[in-house]
Amino acid sequence: MNEHDSIDYTLKVKELNDNRSAKNGRKPLAFIHTYGCQQNVSDSEHIAGLLSQMGFEFTDDVKKADLALYNTCAVREHAEQRVFGNIGALKGIKDRNPDMIIAVCGCMTQQKQVAEKFKRSYPYVDLVFGTHALPKLPEMLYNVMTKGRVFELGGEDVVTEGIPVRRDSKFKAWLPVMYGCNNFCTYCIVPYVRGRERSRTTEAIMDEAKKLVADGAREITLLGQNVNSYGKDLGGTINFSQLLRKINAIEGDFLIRFMTSHPKDATSELFDTMAECEKVAKHLHLPFQSGSNRILKLMNRRYTKEKYLSLIQEVKEKVPGISLTSDVIVGFPGETYEDFCETLDVVRQVEFDNLFTFIYSKREGTPAAKMEDPVTHEEKTKWMAELLAVQEEISARNMAKRVGRTERVLCENVKDGTVFGRTNENLVVRFDGDESLLGKFVNVKITRSDRSALFGELQNI
Ligand code: SAH
Ligand code: SF4
Ligand code: F3S
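Just so it is clear, the model here is predicted, and its values are computed rather than measured.

Observations regarding the sheet that holds strand S7 (residues 172–176)
With parallel pairing, the three strands of this open sheet are ordered in space as S7-S10-S11. The outermost strands of the open sheet, each flanked by one partner alone, are S7 and strand S11 (255–259). The average angle at which neighbouring strand axes cross in this sheet is 25 degrees, direction not considered. Contacting S7, strand S10 (219–223) and S11, helix H2 (residues 38–53) runs over the sheet at an angle of about 100 degrees to S7. Packed on one face of the sheet, helix H8 (residues 202–214) meets S7 and S10 and runs near 175 degrees to S7.

Digging into the domain arrangement of the protein
How big an interface is tends to be expressed through the accessible area that disappears when the partners come together. What the domain assignment reports for the protein is domain 1 (3–152), domain 2 (169–281), domain 3 (294–400) and domain 4 (406–458). Distance between the C-alpha centres of domain 3 and domain 4: 30 Å. Carbon and sulfur atoms make up 63% of the surface buried where domain 3 meets domain 4, a total of about 640 Å² over both sides. On the domain 3 side of the contact with domain 4, Ser 323, Glu 392 and Met 399 bury the most area, a combined 70% of that side's loss. Linking Arg 451 and Glu 392 is a salt bridge whose minimum nitrogen-to-oxygen distance equals 3.7 Å. Inspection of the region where domain 3 meets domain 4 yields two residue pairs in polar contact (both at pLDDT 80 or more). If you tally residues by element for the side of domain 3 that touches domain 4, the top one is helix H14 (residues 377–400), at five residues.

A short note on the UniProt feature "domain: TRAM" (unreviewed entry) in the protein
Sequence positions flagged by UniProt for "domain: TRAM" (unreviewed entry) are, in local numbering, residues 400–460. Along residues 400–460 one finds 2% helix and 57% strand; the C-alpha atoms at either end are 23 Å apart.

What to know about the packing of aromatic side chains
Counted by the stated rule, this structure contains 16 aromatic pairs. With centroids separated by 6.2 Å and ring planes inclined at 35 degrees, the aromatic side chains of Tyr 303 and Tyr 308 adopt a geometry described as tilted. Each member of the pair, Tyr 303 as well as Tyr 308, is classed as buried. Among the aromatic residues, ring-to-ring pairing joins Phe 84, Phe 118, Tyr 122 and Tyr 124 into one connected group. Stacked on the ring of Phe 84, the Lys or Arg Lys 117 has its end atom at 3.9 Å from the ring centre.

Thoughts on the pairing of strand S3 (residues 67–72)
Successive side chains on a regular strand alternate, one facing one side of the sheet and the next facing the other. Counting buried residues along S3, six of its six residues qualify, which places the element largely inside the surrounding structure. On S3, burial covers both faces: Leu 67, Leu 69 and Asn 71 on one face and Ala 68, Tyr 70 and Thr 72 on the other are all buried. Here five bridges tie strand S1 (residues 29–34) to S3, and the two strands are oriented parallel to one another. Counted as the bridge partner of Ala 30 is Leu 67 from S3. Relative to strand S4 (residues 101–106), S3 runs parallel, the two being bridged by six bridges. The partner of Tyr 70 across the bridge, within S4, is Val 104.

Concerning the pattern of salt bridges
When their charged atoms lie close together, side chains carrying opposite charge are able to pair. Counted under the stated rule, the structure contains 34 salt bridges. Between Glu 425 and Arg 402 there is a salt bridge; the shortest N-O distance is 2.9 Å. With Glu 425 in the loop between strand S16 (418–423) and strand S17 (428–432) and Arg 402 in the loop between H14 and strand S15 (406–415), this residue pair connects regions lying 23 residues apart in the sequence. You'll find Glu 425 and Arg 402 in the same group, each marked buried. Taking the shortest distance from any N to any O, the salt bridge between Arg 422 and Glu 412 comes out at 3.6 Å. With a gap of ten residues between them, Arg 422 in strand S16 and Glu 412 in strand S15 connect regions that are remote in the sequence. The network of salt bridges with shared partners includes Lys 172, Glu 219, Arg 257, Glu 412 and Arg 422.

As for the packing of H2 against helix H6 (residues 137–146)
Put simply, H2 and H6 touch, their axes get as near as 10 Å, and they point 60 degrees apart. The angle between H2 and H6 falls in the class oblique. Here H2 runs over H6; the crossing is right-handed. On H6, the residues touching Ile 47, Leu 50 and Leu 51 of H2 are Leu 137, Pro 138 and Leu 141. Looking at the contact of H2 with H6 residue by residue, the class counts come to six nonpolar, no polar and no charged.

Quick look at unusual backbone geometry
Residues Met 259 and Thr 260 are joined by a peptide bond in cis, for which omega reads 5 degrees. Topologically, Thr 260 is positioned in the loop between S11 and helix H10 (268–276). Although it is not a glycine, Gln 289 sits at a positive phi angle of roughly 70 degrees. Inspection of the secondary structure puts Gln 289 in the loop between strand S12 (283–285) and helix H11 (293–298). A relative accessible area of 7% places Gln 289 in the buried class.

Conventions used here
- Residues numbered from 1 in each chain as written.
- Chains lettered and ligands numbered in written order.
- Predicted model: local features only at pLDDT ≥ 70, side-chain atom pairs only at ≥ 80, totals over all residues.
- Heavy atoms only, no water.
- Pairing = 2+ DSSP bridges.
- Helix = DSSP H or I, 4+ residues; strand = E, 2+ residues; numbered from the N terminus.
- Axes fitted to C-alpha atoms, helices over the stretch in contact; angles between N-to-C directions.
- Contact = heavy atoms within 4.5 Å.
- Domains from an automatic or database assignment.
- Buried area = accessible area lost by both parts, 1.4 Å probe.
- Salt bridge = Lys/Arg side-chain N within 4 Å of Asp/Glu carboxyl O.
- Polar contact = N/O pair within 3.5 Å; in protein donor to acceptor, adjacent residues only side chain to side chain.
- UniProt positions renumbered as here; feature names shortened; annotations may be inferred.
- Phe/Tyr/Trp six-rings, centres within 6.5 Å; stacked < 30°, edge-to-face > 60°.
- Buried < 20%, exposed > 50% of the residue type's maximum accessible area, 1.4 Å probe, protein only.
- Lys NZ or Arg CZ within 6 Å of the ring centre and 35° of its normal.
- Parallel < 35°, antiparallel > 145°, perpendicular 65-115°, else oblique.
- Left-handed = near helix turned anticlockwise from the far one by under 90°.
- Nonpolar A, V, L, I, M, F, W, Y, C, P; charged D, E, K, R; others polar.

Listed below in structure tokens is the structure:
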């Protein structure tokens, strides 16, 4: 398919929609529900961009929707169950509104057995497409509207540029720099559903970043499953640190964030770059998953506890005051309580500001799914509670250290006279204020804290 075909189908769907609008006296409405990580959020913004070109407007109420689209995540079983639950609940809505189109896309559909299940057990789902088929949405939708059900699941690992984007926020932007993952951590489904690593060209990223800044973006988050691999497939002409420096050099008042970094590729060069680039936020999300060298090996993470701790020490020295966060898996197959205590040890030593904790979830088709997993879920839940208690105390202590400081805060949301913003270090701050502050950087004096947020007072600007 070339770009021309895609524009053709966009116009064809738009024509169908315009006819429908004339008949119904209103534009067709699309409802999009996104599960999973920021990569999916970004994909949904591109889906919305395409739908907008095809004449759709948007609704938050699925009952009013002419098109309901679910962009799914496969990373843990729980996420998948929620999707099946929500889509099951659509049957009643579709019975009352048979013209409604139901679409499912994203990581779940990339698994054969899941796509089969949608085909067989959910006959009212009209369109199922995988992560690689997104650019073909106009054609797929046209076929659904004129012929019937469409299943589009394969596709090459390519990077498609030029897809329109309808962003959820005017001042906070997601900017994918690479897609896919080559790491094959043994528990993880992502490499199977997202394909191999491929970087966007530096030109495409820079063009988008400059445009975002010109359009008023105050925060740009660079996305990739493993951003530190950026450029490895571009012939060694550029690496992630160099990309950060280029974006940092764009004129304007904005923050640069990035996620996710893999410890095996986190380099001194990255830490030096973070220290030297004034627009790069002082926050590093560096998942360690487990503190046990035996488990790390079984996970295929390719670093040791000691290596991880030495990276943390280095970044703390080079970027004073840096905020650190991480992901942890509890109860990997074969993990013992002694292994788990090594994880607790890392948590205690590093003193993360926040931790994202997950009980191991078996993913069919991954190597870990075949490993012996003798520890009961009940036992794992107890370990998790122990971990959370340790982390909550650390989080509360870390947050309390910020009381008395004045922080520069980007105002993100307002509700009932309370503004919710984030510091450079990505910590949530709440203070009194109104809509006029949205999208602005303001100074806030921190007066109080709890374990998950700071509270403060707006200072004269
Ligand atoms: N690419 C990112 C993370 C992607 S998935 C990285 O490598 O850091 C986000 C998190 O989900 C992972 O860091 C891991 O902690 C968790 N996760 C992934 N697969 C999981 C599984 N099978 N069970 C439980 N947690 C899992
Ligand atoms: Fe999954 Fe590991 Fe790739 Fe992250 S680096 S997406 S955890 S395989
Ligand atoms: Fe989930 Fe896919 Fe992201 S599996 S975590 S939505 S890459």
